[in-house]
Amino acid sequence: MNLTISNLTKTYSNGVRALNDISLTIPSGMFGLLGPNGAGKSSLMRTIATLQDPDGGSIMLDGLDVLKNKEEVRKVLGYLPQEFGVYPKVSAEEMLDHMAVLKGISNSKQRKETVAALLNQTNLFEARKRKLGTYSGGMKQRFGIAQALLGNPKLVIVDEPTAGLDPAERNRFLNLLSEIGENIVIILSTHIVEDVSDLCRNMAIIYKGNLLLIDDPLHAIEVIKGTIWQKTIEKHELPAYQEKYNVIFSRLFAGKTIIHVANPNSPGEGFELVSPDLRDVYFTSIQNHLKKQ
Ligand code: ADP
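Residues numbered from 1 in each chain as written. Predicted model: local features only at pLDDT ≥ 70, side-chain atom pairs only at ≥ 80, totals over all residues. Heavy atoms only, no water.

Asker: Give me the packing of aromatic side chains: which residues, what numbers.
Answerer: The final tally for this structure, using the stated rule, is 6 aromatic pairs. Linked through ring pairs, Tyr241, Tyr245 and Phe271 together constitute an aromatic cluster. Sitting above the plane of the Phe125 ring, Arg128 keeps its charged end 3.9 Å from the centroid. (Phe/Tyr/Trp six-rings, centres within 6.5 Å; stacked < 30°, edge-to-face > 60°. Lys NZ or Arg CZ within 6 Å of the ring centre and 35° of its normal.)

Asker: Tell me about the site of the ligand, and please be specific about residues and values.
Answerer: Close to the ligand lie 13 residues, the nearest being Gly38, Gly40, Lys41, Ser42 and Ser43. One of the backbone N or O atoms of Gly38 is found 2.7 Å from an oxygen atom in the ligand. Here an oxygen atom of the ligand and a backbone polar atom of Ala39 are 3.0 Å apart. Calculation on the ligand without its partners gives an accessible area of 560 Å², and the protein chains cover 65% of this total. With 4 residues, helix 1 (residues 41-48) is the largest single contributor of residues to the shell around the ligand. Split by residue class, the shell around the ligand holds 5 nonpolar, 6 polar and 2 charged. (Near = heavy atom within 4 Å. Polar contact = N/O pair within 3.5 Å; in protein donor to acceptor, adjacent residues only side chain to side chain. Areas by Shrake-Rupley, 256 points an atom, 1.4 Å probe, with all protein chains shown as cover. Helix = DSSP H or I, 4+ residues; strand = E, 2+ residues; numbered from the N terminus. Nonpolar A, V, L, I, M, F, W, Y, C, P; charged D, E, K, R; others polar.)

Asker: Explain the environment of Ile145 to me, and be specific about the residues and the numbers.
Answerer: As for its placement among the helices and strands, Ile145 is situated in helix 5 (residues 137-148). Overall, the relative accessible area of 0% leaves Ile145 in the buried class. The spacing of Ile145 and Leu174 is 29 residues in sequence and 11 Å in space, taken between C-alpha atoms. Beyond its immediate chain neighbours, meaning those up to four positions away, Ile145 contacts Leu80, Thr122, Val158, Phe173, Leu176, Leu177 and Ile180. (Buried < 20%, exposed > 50% of the residue type's maximum accessible area, 1.4 Å probe, protein only. Contact = heavy atoms within 4.5 Å.)

Purely geometric stuff here, so don't read any function into it on its own.
Okay, structure coming up:
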């Protein structure tokens, strides 16, 4: 199973170019689409989910032309949108049963089994009689996955699912995602680098509608090995360092400011080589893109 996106473009009526000639092949397994807010992730997810049309380009799911066969695609699609509203007065079990009817599972015995299996899989079986309005953020997101998995989809899209979850809920949610299966295409869109490094075998970075990188995270990290340096500085020194060095990002650790600088060799005194992670890849990609502009 492969999803092939070719030359996808989208400009909204207000003039914002949300997708700028995006071409990308997404294989089976968990694929991370990483980018800051406003990068175009939701625009891309909504387009793949057949909810909006691009201005140009094509999307193929194996042999199926996604933009021309929306009904067909919807039968094999599971989608957890960024804003996933639930009916607060309905129980998870009732809601899932209702959604299963909409998905075309008309046999009531089969539906009952499917609903129970999904509630088990998402660890909501005990809470199945509770009204969705009483669910925590993490439970709502797990319910969102349960409904996305109805009807054994071949393509699952989850848009920014971990935003707003506390660390324990986020962990539980990512574990659940990781168990969904290797043989279907799962696209996880997120601005949280750790979501991608924890879960995804393949990834892309998008920024202001442009595709900056497609790679496997471990390889992308390997590529920048030996070029990322860090130094602990005083907070007020940051602007001067940014002026003088190629600072890709700064972070706080134990109240101190630590800068990461990309450079082929040591930038100077006090810098030490670090073992890069996906954050370094992410910020280096964005920095390189901005420099080209
Ligand atoms: P992300 O999901 O990465 O945060 P979006 O796809 O939501 O990015 O947005 C990409 C850009 O398109 C942003 O500048 C956003 O303001 C703009 N945008 C998104 N949806 C619309 C819309 N319906 N009308 C106009 N502009 C939009």
